[in-house]
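Here is how the chains run, residue by residue.
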Amino acid sequence: MATTGLNRLRLARAGVGVAGAGRTGVRRSPNRGAFTLLVLIAPSVLLLVLINAYPLVYGAIQSIHRGTLITTGPLVGLENYTDVLADPRFWKATVFTLVFTLVGVFGSWVIGLTLALLLRTKVPGGPVFKVLLMTPWVVPIVVSSTAWNWLVAAPDSPLPTLTRWLGFGDALFLADPTLAAITVCVFKVWVSFPFMMLMTSAALASVDEGVYEAASIDGAGSRQKFTHITLPLISRSTYISWILMTIFCVNDFPTIYLLTGGGPVDSTTSLIVLAYRTVFQDFQTGPGVAIAFIMTIALVAVSTVLYRQIRKVEIA
Amino acid sequence: MSTAKSGGVTRRGFLGLAGAALAAPALAACNVSGNSGTSNAAGGGGTLKFWDMPWGQPAYNDAGKKLVEAYAPSGELPKASYQVIQWNNFYQTFSSAIASGSGPAVSSGAGFQAFQFAEQGAIAYADNVIEALKKDGTYDDFLPNVLDSMKTSAGYVAVPWQLDMRILWYNKAILDQAGLKLPTTWDELHTTGVALRKLGISGFAIGSGAGNPMGSHVMVAMMINNGGGLFDPDGKPDCVTDVNVEAIEFLLELVNEGIIDKGSVSFTIDNVSGLWNTGKAAIGFYSPGLTGAAPKTAANLVVADPLTGPRGGKGAVNFVNNLMMYKDTPSQQGSEEFLQYYLRNLHTYWDNKVASSIPVLKSIADSPAFSADPNNTKIVKEWQPISKNYAATGSTLFAGLAAVDGGQALSQFTQTILRGGTDARSALTTLQKGIEAVVQ
């Protein structure tokens, strides 16, 4: 008996063999089908375990020991975690990480969204602008941080020279703690907005123009179209880009480290920089890994909340 | 019996292939340590890996490669291979390689690296090499106090090969043009700094920005200059002393009066080099390689006399860069023979003018190739004898110093001072606590 395509799929999912026309189907037990599937995915699962779980477990072990990168050292239980949580530098780094992440995510999103909307309009040389606007994302971070250092670090760098010329005096962009934090955040937004622009452009491209035409016929203005059509229709992509950018920002080591090294006086030290410095400069492996674990837990929590938001959007 | 086939490959065959594909990387991973163990057991087999850092221009590493490739071992001992390890994440590179059994047999590296790895049981002590150097006379060729700094209660952790120091440099043309005398005391340095500030030129070039440890080195150098240091003679942290407070108060005065640029806190090494190169720095501490870092003004850059502190003392900070051997080697005898070969041929670097630091051997320091530059001669004759290592006021180096040099406590202290608006004693008290936390 011949089967339809849909039936074939159903049978295949049930672990039942499908015969061709004129042949009798071979029935197999569901258990055997499940076993076959398990065996087929086992290599991938094992590889993932080796690549991800092993370092995670090894890191967890390191975080409850007082050792080095070579030796595990004596077991200290949760002492590394309590030490880290009692350290004011950890909380200072947490605050900066929050600020850096919030500015990085929403700053780059606002600029990315604005540019994506602008680039939807037909302007001469639009593709050229698109390519140029991608430059901050494409250029290696070592190159762009060097360029920014040249732009702001020394008293005779272009930006300090400009601020003097405008009568604002000597602006110590990387030497003053507040200005350094602002500079690092602005640098992050500059590096990240092309990614947001790309994500938003892709989402906007999938929005049917007919929806806007219908809204126009109903008398909706530009603002109403933006808030009631554009934003809701791209919300799924927006949440995904927020999740990704949150992870990028919290885990962003080079942007900060190459520009300020976490200074001056820890004013731009984020948690990832603190973890690195604790492990590789202070050689305190246990506490450094403990910081990294606390970060991981926080990131998983934030990502879960945002992911649930995506599901709500899908359901709606 | 299953008859399902796909392109001639049975399901069982496919699963077998998948299993093999999975097993291959796992077995390869296991084999990393397996190789090491086999080569160790073989004694003379394999190749002896020498890891070197970029100690100067690329020409340095080119010369190093040639030197290592020219090594002809005796008998069945292994030949050597050369590999450059970048400074970025170098400790991570060494640690992970050593932990996985794929590390070097011999290497150069950071000043306190040998002490760290010795503490972790990875270093092969160099006592046999030292004995051999005594026999052939090389031992007596070392500059004073250099070799002893590598000695621990368990033996020599490494053998020195070059010296890094923080030297006071000045731009002669700028001082001459401004009619200023070269300062020889702290007071004179202050007076000259005030005059230079009026000209818009730095009278104490320094930096403590991203990846720049030189600012911290200068802090310690000034403490040593005044008879202090970070540790007491027994090696315990001892930052809050009157001499240290006096040294840091002097630096704070330079900051508060604008002699030290307030932007210094964020200056990278490139920023500081740029100040020297563009004639915007007239006086300041730098490594012996300043002329290479500031080629435009190199002809005017001169090593100054060591400053006399307010208590009449002189002093500077040095870093003994060394060559270390590791236990994981195809042949310990091979490592030792290679190290001796390398030490006997060190002069190649200075003969070819590719080294940017000070040699540890008198024969090289006295050689025409090195001593032709009067700056070099002055460093060896006047600065090296008064210089002390990071353990000052103690003298014995130890593993914990790695967490001090480049660690967060000292870099934060340096940045606090360079920002000004603090007092020396409280800043040193915070430094003391920070060092105590990382030095066990």
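If you're wondering where the values come from, they're calculated on a predicted model, not measured in any experiment.

A.B. asks: Which parts of the structure should I look at to understand the overall build of chain B?
C.D. replies: Per the secondary structure count, chain B includes 19 helices and 15 strands. The proportion of buried residues among the 440 residues of chain B is 50%. Within chain B, counting contacts between residues at least 6 apart in sequence, those at least 24 apart form 77% of the total.

A.B. asks: Sorry, what's going on with the overall build of chain A here?
C.D. replies: Looking only at helices and strands, chain A features 14 helices and 0 strands. Traced from its N-terminal end to its C-terminal end, chain A shows the element sequence α-α-α-α-α-α-α-α-α-α-α-α-α-α. When each of the 316 residues of chain A is scored for burial, the buried share is 32%. Residue pairs in contact within chain A that sit at least 24 positions apart in sequence constitute 62% of those at least 6 positions apart.

A.B. asks: What am I meant to see in the sheet that holds strand 12 (residues 301–303) of chain B here?
C.D. replies: Strand pairing within a sheet occurs via backbone hydrogen bonds; the two strands may be parallel or antiparallel. All names here are of chain B. Sheet architecture is open: 3 strands sit in the order 11-10-12, paired in antiparallel fashion. Of all strands in the sheet, those bounded by a partner on one side alone are strand 11 (283–286) and strand 12. Neighbour-to-neighbour, the strand axes of this sheet turn through a mean angle of 35°, independent of strand direction. Sheet topology note: the strand 10 (residues 167–171)/strand 11 ladder contains 4 bridges and is antiparallel. In the strand pairing of strand 11, Leu168 is matched with Phe285. In the packing of helix 16 (residues 374–383) onto the sheet, contacts are made with strand 10 and strand 12, and the angle to strand 12 comes to roughly 25°.

A.B. asks: What exactly am I supposed to notice about the confidence of the model for chain B here?
C.D. replies: Note: predicted coordinates in regions of low pLDDT should not be interpreted at a detailed level. Residue and element names in this part refer to chain B. Of all residues in chain B, 90% have pLDDT values of 70 or greater, and the mean over the chain is 89. For residues 1–44, every residue scores under 50 in pLDDT, and the model assigns this stretch 31 contacts once sequence neighbours within four places are set aside. Taken together, the chains of this predicted complex give a pTM of 0.83 and an interface ipTM of 0.78.

A.B. asks: Even after reading the chapter, I still don't get helix 2 (residues 58–69) of chain B, so can you show me in this structure?
C.D. replies: What sets the pattern is the α-helix's 3.6 residues per turn: residues three or four places apart point alike. Residue and element names in this part refer to chain B. Its 12 residues place the ends of helix 2 17 Å apart at the C-alpha level, agreeing with the 16 Å of an ideal helix rising 1.5 Å per residue. Tyr60, Gly64, Leu67 and Val68 are the residues of helix 2 that are buried. Along the axis of helix 2, the buried positions cluster into a sector of 95°, meaning they face one direction only. Pointing more than 90 degrees away from the buried face of helix 2 are the exposed residues Pro58, Lys66 and Glu69. Among the structural elements, strand 3 (48–52), strand 4 (80–84) and helix 13 (347–351) are those in contact with the buried residues of helix 2.

A.B. asks: Got a minute to help me understand the domain arrangement of chain A in this structure?
C.D. replies: The extent of an interface is frequently quoted as the accessible surface area lost upon association of the parts. Residues and elements named next belong to chain A. According to the domain assignment, chain A consists of domain 1 (5–63) and domain 2 (88–315). Taken over C-alpha atoms, the centre of domain 1 sits 39 Å from the centre of domain 2. Counting residues at the interface gives 4 residues for domain 1 and 6 residues for domain 2. Across the side of domain 1 that touches domain 2, the residue classes tally to 1 nonpolar, 3 polar and no charged.

A.B. asks: Would you explain the packing of helix 8 (residues 214–225) of chain B against helix 9 (residues 242–256) of chain B in this entry?
C.D. replies: How two helices sit against one another is set out by the angle between their axes and by the gap between those axes. Residue and element names in this part refer to chain B. Relative orientation of the contacting elements helix 8 and helix 9 amounts to 125°, with a least axis distance of 8 Å. Overall, the two elements helix 8 and helix 9 adopt an arrangement that is oblique. Helix 8 and helix 9 meet at a crossing whose hand is right-handed. Every residue of helix 9 that contacts helix 8 at Met222, Met223 and Asn225 is listed here: Asn244, Ala247, Phe250 and Leu251. Here the contact of helix 8 with helix 9 is composed, by residue class, of 5 nonpolar, 2 polar and no charged.

A.B. asks: What exactly am I supposed to notice about the UniProt feature "transmembrane region" (unreviewed entry) in chain A here?
C.D. replies: The feature "transmembrane region" (unreviewed entry), as given by UniProt, occupies residues 33–54, 95–119, 131–151, 171–191, 239–259 and 288–307 of chain A in the numbering adopted here. Secondary structure across residues 95–119 of chain A comprises 100% helix and 0% strand; the distance between its end C-alpha atoms is 35 Å.

A.B. asks: Got a minute to help me understand unusual backbone geometry in this structure?
C.D. replies: Trans peptide bonds make up most of the peptide bonds, and negative phi angles are found at most residues other than glycine. Backbone torsion omega between Gly263(A) and Pro264(A) reads -5°, so that peptide bond is classified as cis. For the bond from Ala392(B) to Thr393(B), the omega torsion is 10°, close enough to zero to count as cis. Along the chain, Thr393(B) falls in the loop between strand 15 (387–388) and helix 17 (401–404). Despite not being glycine, Asp266(A) has its phi angle at roughly 65°, a positive value. Relative to the helices and strands, Asp266(A) resides in the loop between helix 12 (254–259) and helix 13 (271–280). For Lys353(B), which is not glycine, the phi dihedral falls at a positive 55°.

About the thresholds
- Residues numbered from 1 in each chain as written.
- Chains lettered and ligands numbered in written order.
- Predicted model: local features only at pLDDT ≥ 70, side-chain atom pairs only at ≥ 80, totals over all residues.
- Helix = DSSP H or I, 4+ residues; strand = E, 2+ residues; numbered from the N terminus.
- Buried ≥ 20, exposed ≤ 12 C-beta atoms within 10 Å, placed from the backbone.
- Contact = placed C-beta atoms within 7 Å.
- Pairing = 2+ DSSP bridges.
- Axes fitted to C-alpha atoms, helices over the stretch in contact; angles between N-to-C directions.
- pLDDT = per-residue confidence, 0-100.
- Expected span 1.5 Å × (residues − 1).
- Arc of directions from axis to C-beta.
- Domains from an automatic or database assignment.
- Nonpolar A, V, L, I, M, F, W, Y, C, P; charged D, E, K, R; others polar.
- Parallel < 35°, antiparallel > 145°, perpendicular 65-115°, else oblique.
- Left-handed = near helix turned anticlockwise from the far one by under 90°.
- UniProt positions renumbered as here; feature names shortened; annotations may be inferred.

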